[in-house]
Amino acid sequence: MSRAMTSLSLLALLGVVACGATLPPQELVDARKAYDRASKGLSAQLAPAQLDTAKQALDKAEKSFEDEGVDPPTPDLAYIAERKAMIAEATAGKVAAERDAEKADKMFKDAQIDGLDRTKAELNKERQAGEKTKAELENEKKALSAEKVARAEAERKAAAALASLNEIAKVKEEARGMVITLSGAVLFATGKYELLPIARDKLDEVAKALVDQGYKSILVEGHTDSKGKASDNDTLSLKRAESVRTYLVSRGIPSDKIRASGLGSSRSIADNSTPDGRANNRRVEIVVEPLK
Amino acid sequence: MVRKLALQTLWVGLVTVSLAACGGAAVPQETLTAAQASVKGAEVGGANEDPKAQLHLKLANEQIDKAKKLIEDGKNEEAARLVDRAQADADLALALAQQSKAMKDAKDADEQLGKLKKKLNQ
């Protein structure tokens, strides 16, 4: 390589000597450099016509240099050739930049469309969410009105239950709760604590009314008149209360919500000296503590 | 009087001879006009807004001015060469201005794209 270079240099030197100091003018040196740079750059691809023009201009300058040496018009032609090479480079640069801009513009538009699509999707999502909320509200409203209906129905049932109770027993509102008084004659035979068949029918209705109406707790109280031994009366009244309680439990009143107690003749409500009064005193009271 | 006329004739003859000696090149009016038009075109094309383009615009103008003086002096051949140089510089000035403008546009487009992308990713 270096030997080849040396030979070339020698040849060049010989040529120079032979031609008599025909060093190329600075303009031609610059033109060759400019063309070299342009032809190795993007110009061949992006500005081939301009590069060709530059080549022709350079050839013209070289020819002039051969023919005329450094005399005019060699420097002028070289000067022009250099500019033509620079024009090829600038044109290539322009085309490359235009392509970049076009690419960026396209990407910009794509991104815009993409953005629009995304915005649209988000809006849709929001709208769907809004519709969902609306549906939920609607459901809530329905549930609320259903609850209202249910409550009204429960109130109606409770009122009906109370009305039917009033038909079969005496119902009184007292401080301790609602007191349903059933006559002993209807429930039991004298001195017995087994329920009479008719008693069962009545108690069925009481149980139904209680279930419909709702309650917190129930107390069944047995009461007697004052005839006979008080201890016997106490025992009988308790057994009778328990009979009623057991029956009500069998009819769906939870056993932990209903108690029985025997009070004997301790709470007479009528005169024990008359048969009517004694009949009224023989009774069972069902005390219902209402739901708050 | 006769002598004076003879002198005049001699002068005219001398001038004619000297013109002939210069090769009798014509005034490069056509190329000069074209170069001047190209300078205008480069100016309109934004050559004053790019430093490199501006330099070549300046060179073109200077060479045109010089060429005009040479034409006044009758040095048409020399003037023609300068006009050709001026033409090359004017063309180059326009090409450089156009390149610069295209690059600026590309940069702007890229910035716009970047801004949009940033906005979309927020």
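Just so it is clear, the model here is predicted, and its values are computed rather than measured.

Calculation criteria
Residues numbered from 1 in each chain as written. Chains lettered and ligands numbered in written order. Predicted model: local features only at pLDDT ≥ 70, side-chain atom pairs only at ≥ 80, totals over all residues. Helix = DSSP H or I, 4+ residues; strand = E, 2+ residues; numbered from the N terminus. Buried ≥ 20, exposed ≤ 12 C-beta atoms within 10 Å, placed from the backbone. Contact = placed C-beta atoms within 7 Å. Nonpolar A, V, L, I, M, F, W, Y, C, P; charged D, E, K, R; others polar. Core = buried A, V, L, I, M, F, W, Y, C linked by C-beta atoms within 7 Å. Axes fitted to C-alpha atoms, helices over the stretch in contact; angles between N-to-C directions. Parallel < 35°, antiparallel > 145°, perpendicular 65-115°, else oblique. Left-handed = near helix turned anticlockwise from the far one by under 90°. Pairing = 2+ DSSP bridges.

A.B. asks: Provide a residue-level description of the overall build of chain A, including the pertinent values.
C.D. replies: Regarding its fold elements, chain A presents 9 helices and 5 strands. Counting from the amino terminus, chain A carries its helices and strands in the arrangement α-α-α-α-α-β-β-α-α-β-α-β-α-β. Counting across all 292 residues of chain A, residues that qualify as buried make up 28%. Put simply, 71% of the contacts in chain A that link residues at least 6 apart link residues at least 24 apart.

A.B. asks: Lay out the overall build of chain B with the relevant residues and their values.
C.D. replies: When you go through chain B residue by residue, the secondary structure sums to 4 helices and 0 strands. For chain B, the α and β elements follow one another from N to C terminus as α-α-α-α. For chain B, the share of sequence-separated contacts (at least 6 apart) that also reach a separation of at least 24 residues comes to 72%.

A.B. asks: Run through the interface of chain A and chain B, naming residues and quoting values.
C.D. replies: With 24 residues of chain A in contact, the opposing surface of chain B contributes 22 residues. When its residues are assigned to classes, the side of chain A that touches chain B shows 13 nonpolar, 4 polar and 7 charged.

A.B. asks: Talk me through the nonpolar core; I want residue IDs and the actual numbers.
C.D. replies: Ala81(A) and Ala93(B) are the most contacted members of the largest nonpolar core, which totals 46 residues. Elements with a contribution of two residues or more to this core: helix 2 (26-40), helix 4 (48-68) and helix 5 (74-168) of chain A together with helix 2 (29-44), helix 3 (51-72) and helix 4 (76-120) of chain B. Looking at which element gives the most residues to this core, the answer is helix 4 of chain B, with 13 residues. Leave out the neighbours within four places in its chain, and Ala81(A) touches Ala31(A), Tyr35(A), Ala54(A), Ala57(A), Leu58(A) and Ala61(A). Ranked by size, the runner-up nonpolar core spans 23 residues in total, among them Ala169(A), Leu182(A), Leu195(A) and Leu210(A).

A.B. asks: Go over the packing of helix 5 of chain A against helix 4 of chain B, please, and point to the residues and values.
C.D. replies: Running from N to C, helix 5 of chain A and helix 4 of chain B point in directions that differ by 20°, and their axes come no closer than 7 Å. By the angle between their directions, the pair helix 5 of chain A and helix 4 of chain B is classed as roughly parallel. In this structure, helix 5 of chain A meets helix 4 of chain B at a crossing whose hand is left-handed. Partitioned by chemical class, the residues of the contact of helix 5 of chain A with helix 4 of chain B number 22 nonpolar, 7 polar and 15 charged.

A.B. asks: Can you lay out the sheet that holds strand 3 (residues 217-223) of chain A for me, pointing to particular residues and giving the numbers?
C.D. replies: Residue and element names in this part refer to chain A. Reading across the sheet, the 5 strands line up as 1-2-5-3-4 and stay open at both edges, with mixed pairing between neighbours. Only two strands of the sheet have a single neighbouring strand rather than two, namely strand 1 (170-174) and strand 4 (258-262). On average, each strand axis in the sheet is inclined to that of its neighbour by 20°, with strand direction left out of account. Alignment of strand 3 against strand 4, held across 5 bridges, turns out to be parallel. Bridging from a neighbouring strand, Leu219 pairs with Arg259 of strand 4.

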